[in-house]
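# Summary of structural features
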Amino acid sequence: MSLVRLPPGLLVSAPASGTGKTTVALGLLRALRDEGLAVQPFKSGPDYIDPAFHEAAAGRRSFNLDTWAMDESLFATIATEASGADIVVAEGSMGLFDGVAGRGASGFGSSAETARHAGWPVVLVVDVSGQAQSSAAAALGFRAYDPELPFAGVILNRVASPRHERLARLGMDRVGIPVLGALPRRGDLQLPERHLGLIQAVEHPDLERAIADYAAFLREHVDLEALRKLAASTGLPASGALPTPPAQRIALARDAAFSFAYPHLLEGWRRAGAEVMPFSPLADEAPDASADLVWLPGGYPELHAGRLAASSRFLDGLRRHAATGPVHGECGGYMALGKALVDKDGARHRMAGLLGLVTSYEQRKFHLGYRRAILVAGMPGFEQGCALRGHEFHYSTIVEQPDPPLAKVLDADGNAVPETGSVRGFVTGTFFHLIAGEA
């Protein structure tokens, strides 16, 4: 089997969420780019917000790599998007070894698996606030947990003082863990968040300045030359193809309310020759009348429900298309296809009415996790009986769902979940975001 050698890279991870790895990853992407390198970003795991920040920092499109949802062929295909880059910087999700209990397409979905598959050494961002030498014990455990995992060293984050840094370094020296940088505590270097995590890149009030500040901070406190020397990679099987498009001409909703589409899907559609035609429901734009398919990605329709309800050109155009052609919505897009959406204040907003779904944010319920769906009805790009892999992440509650289910949907452990999606005529919708179909 022929192998494709990836450019040398690093995977930025942490013991847990909230330790500053996104700030470090963005600063590192821009700092290396400023040195004249072509830097390829990746995101490990099912995140549809971070890749847009990565692209802004690196100037190259970022892609998700996911060992639970992607088989080895698709993983390799996406990883080879790094071809032509000088170095890769991948950002992990959650803690380094966090995944699910049941094995997926090629693993359990952890960032450690992504690093091992690609051969990218791990840079562990360790929050040392409230500890000093003790942080070395935690870092030692992470290095020893999987002896086969390539491990570059640590970046100490939220260091309180020179004395604090000296003590933390002493602990790391004692156990032989390289310290690649020490970042002083700075409250102004945090990205704004909302209930699904970070705000979207397009909503940041001054993203370019923020990323430039992160890069300057990294250059001052991190040994970039040491990081470049530690970057490494492995060979992966010669890549296949990205996912094929579900139609030739695809009208794609694209604005602050509908933006959560995985980059590898859109790239696969375009490369296969599909014409992707963006339109903005928030600007009251109707989908192109010549489209074969209208696709509404996820996003934040709950924050814009009043504007969407008043967007008559958008809603009328959507209804006209649905009378004769396919329409599909994911999560937020699915909610917009329904009868009504109740916002967090209890106000009910009329949606497209193409499905009978009514959802509410007044009755918040957290839904998070991988999903495996076996279609009981066809949807754009997939026939009845196909198995799909995806991810669900939202806080909405189903109030009404009168339509037939689109799929039998299971979580990563094989347990059935009630969010089965819906189908009515040419219209389909799911609460999970599609990542890949099973071969």
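First things first, this report covers the structure right here in the doc.

## Focus on the sheet that holds strand β22 (residues 407–410)
Overall, antiparallel pairing links the four strands, which are arranged β22-β19-β20-β25 in an open sheet. Either end of the sheet is taken by a strand with one partner, and the two such strands are β22 and β25 (433–437). On average, adjacent strands in this sheet sit at an angle of 30° to one another, irrespective of strand direction. Relative to strand β20 (residues 387–394), strand β19 (residues 367–375) runs antiparallel, the two sharing eight bridges. When the sheet's bridge partners are listed, Ile374 is paired in β20 with Ala387.

## A short note on the pattern of salt bridges
Pairing between side chains of opposite charge can happen when the charged atoms of each approach one another. Scanning the model with the defined rule gives 20 salt bridges in all. Arg169 is the partner of Glu165 in a salt bridge, and the nearest nitrogen-oxygen pair spans 2.8 Å. Residue Glu165 and its partner Arg169 are located together in helix α6 (residues 162–175), separated by four residues, close to a single helical turn. For Arg169, a relative accessible area of 29% translates into the label partly exposed.

## Some points on the side chain of His349
Locating His349 in the fold gives a position in strand β17 (residues 348–350). Reaching out from His349, the side chain makes a polar contact with the side chain of Asp343 at a distance of 2.9 Å. Setting aside anything within four residues of it in sequence, one finds His349 in contact with Ala305, Gly306, Ala309, Lys339, Ala340, Leu341 and Asp343.

## Some words on the packing of helix α5 (residues 134–145) against α6
The interhelical angle for the contact between α5 and α6, taken along N-to-C directions, is 35°, at an axis separation of 8 Å. In the crossing of α5 with α6, the sense of the turn from one axis to the other is right-handed. Only Ala168, Gly171, Met172 and Val175 of α6 make contact with α5, whose side of the interface consists of Ser135, Ala136, Ala139, Leu140 and Arg143. Its residues assigned to classes, the contact of α5 with α6 shows six nonpolar, two polar and one charged.

## Observations regarding the packing of aromatic side chains
In total, this model carries 12 aromatic pairs according to the counting rule given. With 5.2 Å between their ring centres and 75° between their planes, Trp269 and Trp295 make a pair best called edge-to-face. Placement of Trp269 in helix α9 (residues 263–271) and of Trp295 in strand β14 (residues 293–296) is noted, with a sequence separation of 26 residues between them. Neither Trp269 nor Trp295 differs from the other in exposure class; each is buried. Ring plane angle 25° and centroid distance 4.9 Å describe the contact between Phe366 and Tyr395, whose orientation is recorded as stacked. Placement of Phe366 in the loop between β18 (358–360) and β19 and of Tyr395 in the loop between β20 and β21 (397–400) is noted, with a sequence separation of 29 residues between them. Judged by relative accessible area, which is 44%, Phe366 ranks as partly exposed. When its relative accessible area of 16% is taken as the criterion, Tyr395 is described as buried. Through successive ring pairs, a cluster of aromatic residues spans Tyr48, Phe260, Tyr262 and Tyr300.

## Side note on the sheet that holds strand β16 (residues 340–342)
Strand order in the open sheet made by the four strands is β17-β16-β18-β21, with mixed pairing throughout. Edge positions in the sheet fall to β17 and β21, since each has one partner strand and no second. Strand-to-strand twist of the sheet, defined as the mean angle between neighbouring strand axes without regard to direction, takes the value 25°. Across three bridges, the pairing between β16 and β18 is parallel. Directly across from Leu341, in β18, lies its bridge partner Thr359.

## Some words on the pairing of strand β5 (residues 87–91)
With five of five residues buried, β5 is to be regarded as a mostly interior element. Neither face of β5 is left uncovered, since the one carrying Ile87, Val89 and Glu91 and the one carrying Val88 and Ala90 both have all their residues buried. Pairing analysis gives four bridges linking strand β2 (residues 9–13) to β5, with the strands arranged parallel. Directly across from Leu10, in β5, lies its bridge partner Val89. When strand β3 (residues 39–44) meets β5, the two strands line up parallel, connected through five bridges. By the bridge assignment, Gln40 is partnered in β5 with Val88.

Cut-offs used in this document
Residues numbered from 1 in each chain as written. Predicted model: local features only at pLDDT ≥ 70, side-chain atom pairs only at ≥ 80, totals over all residues. Heavy atoms only, no water. Pairing = 2+ DSSP bridges. Helix = DSSP H or I, 4+ residues; strand = E, 2+ residues; numbered from the N terminus. Axes fitted to C-alpha atoms, helices over the stretch in contact; angles between N-to-C directions. Salt bridge = Lys/Arg side-chain N within 4 Å of Asp/Glu carboxyl O. Buried < 20%, exposed > 50% of the residue type's maximum accessible area, 1.4 Å probe, protein only. Polar contact = N/O pair within 3.5 Å; in protein donor to acceptor, adjacent residues only side chain to side chain. Contact = heavy atoms within 4.5 Å. Left-handed = near helix turned anticlockwise from the far one by under 90°. Nonpolar A, V, L, I, M, F, W, Y, C, P; charged D, E, K, R; others polar. Phe/Tyr/Trp six-rings, centres within 6.5 Å; stacked < 30°, edge-to-face > 60°.

Purely geometric stuff here, so don't read any function into it on its own.
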